[in-house]
Amino acid sequence: MHAPATTPVPPAWKVVTFGGLSVERQGTPVEWTARSARDLFAALLASPDGVRRETLLEDLWGLAPSPAADNRFRVTAHRLRTTLGSPDSVQERGGRVRLSPDLLAAADFSLLHAALNAPPAAPDARLRTLDAALALYTGDFLPDDTLDRVQVARDAHRGAYARLSVERSVLACDAHACRDTVDALVHALRADPYLGEQHHQQLMTCLTVTDDRYAATEHYRRFVRFLRDELGDTPMPETVALAARIKCGEQICERRPGQHGPPPCPFLPQR
């Protein structure tokens, strides 16, 4: 006899913050009936370690501590707990207001950072962890919220995504999966163009393999414009020299089989 099929039990919480906010409790979507409750939830999502009540009063409503302000906070917190269907979802201890640990642990940004801080693993296992974490990032953290603390969290999560994408590119390169390497680097640099000039150099190199020298040169030109327009700066000499070698048609990628020792490049200063 076969064992009877069992129906999967939905997780207690599912919290999506990337690309927009949605919450499920035991598989049922949460419906926001009060904007104030949703705003408080967003503020607490942006501050997993908690926020002092007086700070929330100022940030959310521009209020100084007072009996009336405290009452407004209590009403809003009650509405949020009711909306989430859990009296323990919002906690206040030691003067700080925070979401419950199980609720925070179910948030997509927590899973992203857990992957970033995971212990070392074999390449195949690490690759699976990275792919699962990167798939969570479908857009910026709470893109419709303008609270300063949300923006700070947004930048931090975007940076974590960029670092994971760079790590993904390294593993792909080690496996000679050049297209995957390019895709991961493109995602990393779109998320954080300030990530580091060496990553732009790596992308230029990889593009000579997956596409052609023209694609690599075009990325270099975009990077030069970015430095000029955003930072008033110019590329490092190493990047300029790399672009010249690519323009000459030199084989740049050391992992790609083929002849070495190309003829001197006229775009490089000769000794």
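Residues numbered from 1 in each chain as written. Predicted model: local features only at pLDDT ≥ 70, side-chain atom pairs only at ≥ 80, totals over all residues. Heavy atoms only, no water.

1. Re the nonpolar core
Rules: Within this scheme, the nonpolar core is defined by two criteria: the residues are buried Ala, Val, Leu, Ile, Met, Phe, Trp, Tyr or Cys, and they are joined through side-chain atoms within 4.5 Å. To sort residues, take the accessible area from a 1.4 Å probe on protein chains only and compare it with the maximum for the residue type: under 20% means buried, over 50% means exposed, and anything in between is partly exposed. Between two residues, a contact is recorded if the distance between any of their heavy atoms is within 4.5 Å.
Grouped together as the largest cluster of nonpolar side chains are 50 residues, with contacts concentrated most on Phe-41, Leu-44, Leu-56 and Phe-141. In this view, Phe-41 contacts Val-15, Leu-21, Val-23, Trp-32, Leu-80, Leu-84, Leu-99 and Leu-103; residues no more than four positions away in its chain are not counted.

2. Comments concerning the packing of aromatic side chains
Our working rule: Stacked, tilted and edge-to-face are the three classes applied to pairs of Phe, Tyr and Trp rings, where Trp contributes its six-membered ring and a pair requires centres within 6.5 Å; stacked means planes under 30 degrees apart, edge-to-face means over 60, and tilted covers the rest. In this text, helices come from DSSP runs of H or I with a minimum length of four residues, and strands from runs of E with a minimum of two, each type numbered from the N-terminal end.
This model, assessed by the stated rule, comprises 5 aromatic pairs. Judged by centre distance (5.6 Å) and plane angle (90°), the ring pair of Phe-109 and Phe-141 falls under edge-to-face. Of this pair, Phe-109 sits in helix α5 (residues 108-116) while Phe-141 sits in the loop between α6 (123-136) and α7 (148-174), placing them 32 residues apart in sequence. Judged by its relative accessible area of 3%, Phe-109 falls in the buried class. An aromatic cluster is present here, built from Phe-18, Tyr-137 and Tyr-161 joined pairwise through their rings.

3. Quick word on the packing of helix α10 (residues 213-231) against helix α11 (residues 237-247)
Under the convention used in this document: Every angle, taken between N-to-C directions, lies between 0 and 180 degrees, and every axis is a line fitted to C-alpha atoms, over only the stretch in contact when it is a helix. Angular relationships are summarised with four words: roughly parallel below 35 degrees, roughly antiparallel beyond 145, roughly perpendicular across 65 to 115, and oblique for the angles in between. The handedness criterion is simple: a crossing whose near helix is rotated anticlockwise from the far helix by less than a right angle is left-handed, and one whose near helix is rotated clockwise is right-handed. Each residue receives one of three labels: charged for Asp, Glu, Lys and Arg, nonpolar for Ala, Val, Leu, Ile, Met, Phe, Trp, Tyr, Cys and Pro, and polar for the others, Gly being one of them.
Across the interface, α10 lies against α11 with an axial gap of 9 Å and an inter-helix angle of 150°. Accordingly, the angle class assigned to the pair α10 and α11 is roughly antiparallel. Seen from above, α10 lies across α11 with left-handed handedness. Where α10 abuts α11, its residues Arg-213, Ala-216, Thr-217, Tyr-220 and Phe-223 lie against Thr-239, Val-240, Ala-243, Ile-246 and Lys-247. Grouping the amino acids of the contact of α10 with α11 by side-chain chemistry returns 6 nonpolar, 2 polar and 2 charged.

4. Digging into the UniProt feature "domain: OmpR/PhoB-type" (unreviewed entry) in the chain
So the rule is basically this: UniProt positions are given in the numbering used here, feature names are shortened, and annotations may be inferred rather than shown by experiment.
In this numbering, the UniProt entry assigns the feature "domain: OmpR/PhoB-type" (unreviewed entry) to residues 27-99. Secondary structure content for residues 27-99 is 52% helix and 16% strand, and the end C-alpha separation is 19 Å.

5. Regarding the side chain of Thr-83
Within the secondary structure layout, Thr-83 lies in helix α3 (residues 67-84). Classification of Thr-83 as buried rests on a relative accessible area of 17%. Setting aside residues no more than four positions away along its own chain, Thr-83 makes contact with Val-30, Glu-31, Trp-32 and Thr-33.

6. Here we look at the pairing of strand β1 (residues 13-16)
Filter applied, for reference: One bridge is not enough; two strands pair if DSSP finds at least two bridges between them.
Taking every second residue as pointing to the same face, the buried face of β1 carries Trp-13 and Val-15, while none of Lys-14 and Val-16 on the other face is buried. As defined by bridge partners, β1 adjoins strand β2 (residues 22-25) across 4 bridges and the pair is classed as antiparallel. For Lys-14, the partnering residue across the bridge sits in β2 and is Glu-24. Two successive antiparallel strands, β1 and β2, enclose a turn made up of 5 residues, where Gly-19 displays a positive phi of approximately 85°.

7. Side note on helix α2 (residues 53-61)
Stated formally: Our arc is simply the arc of the directions from the helix axis toward the C-beta atoms.
Within the span of α2, buried status applies to Arg-53, Leu-56, Leu-57, Leu-60 and Trp-61. Projected down its long axis, α2 carries its buried residues within an arc of 105°, all on one side. Its buried side turned inward, α2 meets α1 (35-45), β4 (51-52), α3, β5 (90-93) and β6 (96-99).

8. Overview of the environment of Cys-253
Within the fold, Cys-253 resides in the segment after α11. Apart from the residues lying within four places of it in its own chain, the contact partners of Cys-253 are Thr-205 and Val-209.

9. Examining the sheet that holds β4
What the 3 strands build is an open sheet, ordered β4-β6-β5; its pairing is antiparallel. Two strands lie at the open edges of the sheet, namely β4 and β5, each paired on one side alone. Sheet analysis places β4 next to β6, joined by 2 bridges and oriented antiparallel. Counterpart to Arg-52 in the pairing with β6 is Arg-96.

10. Re the pattern of salt bridges
To be explicit about the condition: For salt bridges, the criterion is a side-chain nitrogen of Lys or Arg within 4 Å of an Asp or Glu carboxyl oxygen.
By the definition in use, this model includes 16 salt bridges. Between Arg-149 and Asp-59 there is a salt bridge, with the nearest N and O atoms lying 2.7 Å from each other. In this pair, Arg-149 is assigned in helix α7 and Asp-59 in helix α2, connecting sequence segments 90 residues apart. For Asp-59, a relative accessible area of 31% puts it in the partly exposed group.

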